[in-house]
Amino acid sequence: MLVNATAMLQSAERNHYGIAAFNTNNLEWTRSILTAAEETQSPVIIQCTSGAAKWQTSFQVVSDIVHTMVKTMGITVPVALHLDHGTYEDCFKCIDAGFTSIMYDGSKEPDFATNLARTKELVKIAHNKGLSIEAEVGGIGDGGAAGEIADPNECVAIAEAGVDFLACGIGNIHGLYPEDWAGLNFDVLADIKAKVGSLPLVLHGGTGIPADQVAKAISMGVAKINVNTDLQVAFAKAVREYVEAGLDQQGKGYDPRKMLKPGAEAIVARATEIINQYGSAGRGWE
Ligand code: 13P
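Bear in mind the structure is a predicted one, so any value in this text is a computation, not a measurement. Along each chain, the written sequence defines residue order, and numbers are assigned to residues from 1. Given that the model is predicted, a residue must reach a pLDDT of at least 70 before its local features are reported, and side-chain atom pairs must reach 80 or more before they are shown or counted; all residues, however, enter totals for whole chains, interfaces and linings. Here the side-chain values reflect all heavy atoms present in the structure, with hydrogen atoms and water set aside.

A. View of the overall build of the chain. Under the DSSP-based scheme used, a helix requires at least four consecutive residues in state H or I and a strand at least two consecutive residues in state E, with every element numbered from the N terminus. Helix and strand content of the chain: 11 helices and eight strands. Against the compact-globule benchmark of 19 Å for 286 residues, the chain has a radius of gyration of 18 Å, which places it among compact chains. Along the longest, intermediate and shortest principal axes, the C-alpha atoms of the chain span 60 × 45 × 35 Å. Here the term buried applies to any residue with accessible area under 20% of the maximum for its type, exposed to any over 50%, and partly exposed to those in between, with areas from a 1.4 Å probe on protein chains only. Expressed as a percentage of the 286 residues in the chain, the buried residues total 56%. In short, Shrake-Rupley with a 1.4 Å probe defines the accessible areas, and a residue's cover is counted only from the protein chains shown. Looking at the chain as shown, the accessible area adds up to about 12,000 Å², and 54% of this sits on carbon and sulfur atoms. With the radius of gyration taken over C-alpha atoms, the globule rule is written as 2.2 Å times the number of residues to the power 0.38.

Shown next, in the form of structure tokens:
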């Protein structure tokens, strides 16, 4: 069933487990993520960037796929459909398209005052329509470049704006981590958590963070962990092995359903491992 992400993340925060927010890229991704969530009886967040929405033509198509698949696959666990790193304008598009949750990423706005003012406005609009909302303080690094460390006082201001969960930069980076990555900054995480109380925190850049650091972050109040690259790597490896084994040249091995099957199955397997690692398996409707 499609729900907003507030209750599931509050439960995760209270009970010290994490919920994976997997990025979807296409129909295969959505189906594989839903399969893993249902098989493990875990709540799940399916999220989409504007780039992945463009690939699928629009946020509307992403929303239609998720809503319809949840029905036709008979999914029984709670599923939130969330916008990932949305601009102010993206948020309105996703609200109209039937998303159940949005992220307004104001960390790229020219100043914090703009981030705060727009967050406040979007909180009101999202809550009026029953959606949950995430906002961000301190940019998450990209392409191996170190991210910003969030200012705990800015986190308090955004928390007080009424967001349901908060992404704060603590040294995390999107994509694969460089060899010399310094790791998560747990001192800042502890400081932020002490200041924002029971508000669930979000860890972006979940791919490649050592399991002990993820477990520690969860124990300190991280409830939502974003994972994108990890499933892309699993998909690419499985499809590459299929092609390199020449299987696309045998019989009707070129049929896209045959070619993409190993990739789709690899996503199910990897998403299942991640759900089990974060501890949300069996937590369907807590
Ligand atoms: P990764 O691609 O590093 O897993 O990050 C995903 C993410 O944080 C999406 O917002």
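Picking up after the structure, the text goes on.
B. The packing of aromatic side chains, seen in detail. Pairing of aromatic side chains here covers Phe, Tyr and the six-membered ring of Trp, requires ring centres within 6.5 Å, and sorts the geometry by plane angle: under 30 degrees stacked, over 60 edge-to-face, intermediate tilted. The full count for this structure, using the stated rule, is four aromatic pairs. Here the aromatic rings of F59 and F99 are separated by 5.7 Å at their centres, their planes lie at 85°, and the arrangement is edge-to-face. Taken together, the residues F59 in helix α4 (residues 59-72) and F99 in the loop between α5 (88-97) and β4 (101-104) connect sequence positions 40 residues apart. Seen in terms of ring centroids, Y177 and W181 are 4.0 Å apart; in terms of plane orientation they differ by 45°. Their pairing is tilted.

C. Highlighting the site of the ligand. When at least one non-hydrogen atom of a residue lies within 4 Å of a molecule or strand, that residue is treated as near it. By nearness alone, 15 residues border the ligand, and D84, G175, G205, T207 and T229 come closest of all. Side-chain atoms alone can form a polar contact between residues adjacent in sequence; in general such a contact is a pair of N or O atoms within 3.5 Å, and within protein one must be able to donate a hydrogen while the other accepts it. Here an oxygen atom of the ligand sits 3.0 Å away from a polar atom, N or O, in the side chain of H204. Between the ligand and the protein, one listed contact pairs an oxygen atom with a side-chain N or O atom of T229 at 2.5 Å. Protein coverage of the free-state accessible area of the ligand, which is 310 Å², stands at 97%. Asp, Glu, Lys and Arg are counted as charged, while Ala, Val, Leu, Ile, Met, Phe, Trp, Tyr, Cys and Pro are counted as nonpolar; the rest, among them Gly, fall into the polar class. Class assignment of the residues belonging to the shell around the ligand gives a composition of two nonpolar, 12 polar and one charged.

D. Quick peek at the side chain of D164. With respect to the helices and strands, the residue D164 is situated in the loop between α7 (152-160) and β6 (165-168). The sign given to each residue is positive for Lys and Arg and negative for Asp and Glu; His and the chain ends receive no count. Whenever a carboxyl oxygen of Asp or Glu lies within 4 Å of a side-chain nitrogen of Lys or Arg, that contact is scored as a salt bridge. Lacking a salt bridge, the buried D164 has K224 as its closest oppositely charged neighbour, with an N-O distance of 11 Å. Among the polar contacts made by the side chain of D164, one reaches the side chain of H127 at a distance of 2.8 Å. For D164, the side chain forms a polar contact with the main-chain nitrogen of I133, separated by 2.8 Å. If we ignore the near neighbours within four places in the chain, the residues touching D164 are T6, H127, L131, S132, I133, L199 and P200. Pairs of residues are marked as contacts when any of their non-hydrogen atoms sit within 4.5 Å.

E. Geometry of helix α2 (residues 27-40). In this analysis, the expected span of each helix is defined as 1.5 Å times one less than the number of residues it contains. With 14 residues, α2 extends 20 Å from end C-alpha to end C-alpha; this agrees with the ideal 20 Å at 1.5 Å per step. Here α2 has its buried residues at W29, T30, S32, I33, L34, A36, A37 and T40. Two or three places before E28, at the start of α2, stands the capping residue N26, its side-chain oxygen 3.1 Å from that residue's backbone nitrogen. With its phi angle positive at about 55°, Q41 sits one or two positions after the end of α2.

F. Unusual backbone geometry, seen in detail. The phi dihedral of H16 is positive, around 55°, even though this residue is not glycine. Residue position: H16 is located in the loop between α1 (6-15) and β1 (19-23). We classify H16 as partly exposed; its relative accessible area is 48%. You will see that T57, though not glycine, has its phi angle at about 90°, which is positive. Following the sequence through the fold, T57 ends up in the loop between α3 (50-55) and α4.

G. Highlighting the pairing of strand β5 (residues 132-137). For β5, a buried count of six out of six residues is recorded, marking the element as mostly surrounded by other parts of the structure. At least two bridges found by DSSP between two strands is the condition for calling them paired. Across four bridges, β4 lies against β5 in parallel orientation. Opposite S101, over in β5, you have S132 as the bridge partner. Pairing geometry for β5 and β6, over four bridges, is parallel. For A135, the partnering residue across the bridge sits in β6 and is L166.

H. View of the packing of α7 against helix α8 (residues 186-196). Relative orientation of the contacting elements α7 and α8 amounts to 35°, with a least axis distance of 9 Å. Judged by the twist between their axes, the crossing of α7 over α8 is right-handed. From α7, P152, N153, C155, V156 and A159 reach across to α8, where they touch D191, I192, K195 and V196. Note on method: axes are straight lines fitted to C-alpha atoms, helices fitted across the in-contact stretch only, with angles between N-to-C directions ranging 0 to 180 degrees. Each crossing is labelled by how the near helix is turned from the far one, with a counterclockwise turn of less than a right angle marking it left-handed and a clockwise turn marking it right-handed.

I. Expanded view of the nonpolar core. Working definition of a nonpolar core: buried Ala, Val, Leu, Ile, Met, Phe, Trp, Tyr and Cys residues. They are joined through side-chain atoms within 4.5 Å. Among the nonpolar cores identified, the biggest contains 78 residues, and F22, F99, I102 and I192 are the most heavily contacted of them. In this structure F99 touches C48, F59, V62, S63, L81, H82, L83, C94 and L131, once residues within four positions along its chain are discounted.

J. Just the state of the cysteines, in detail. Pairs of cysteine sulfur atoms within 2.5 Å are what we label disulfides. Within the structure shown, the criterion is met by zero disulfides. Take C94: it sits in no disulfide, and the sulfur closest to it among the cysteines is that of C91, at 7.1 Å.

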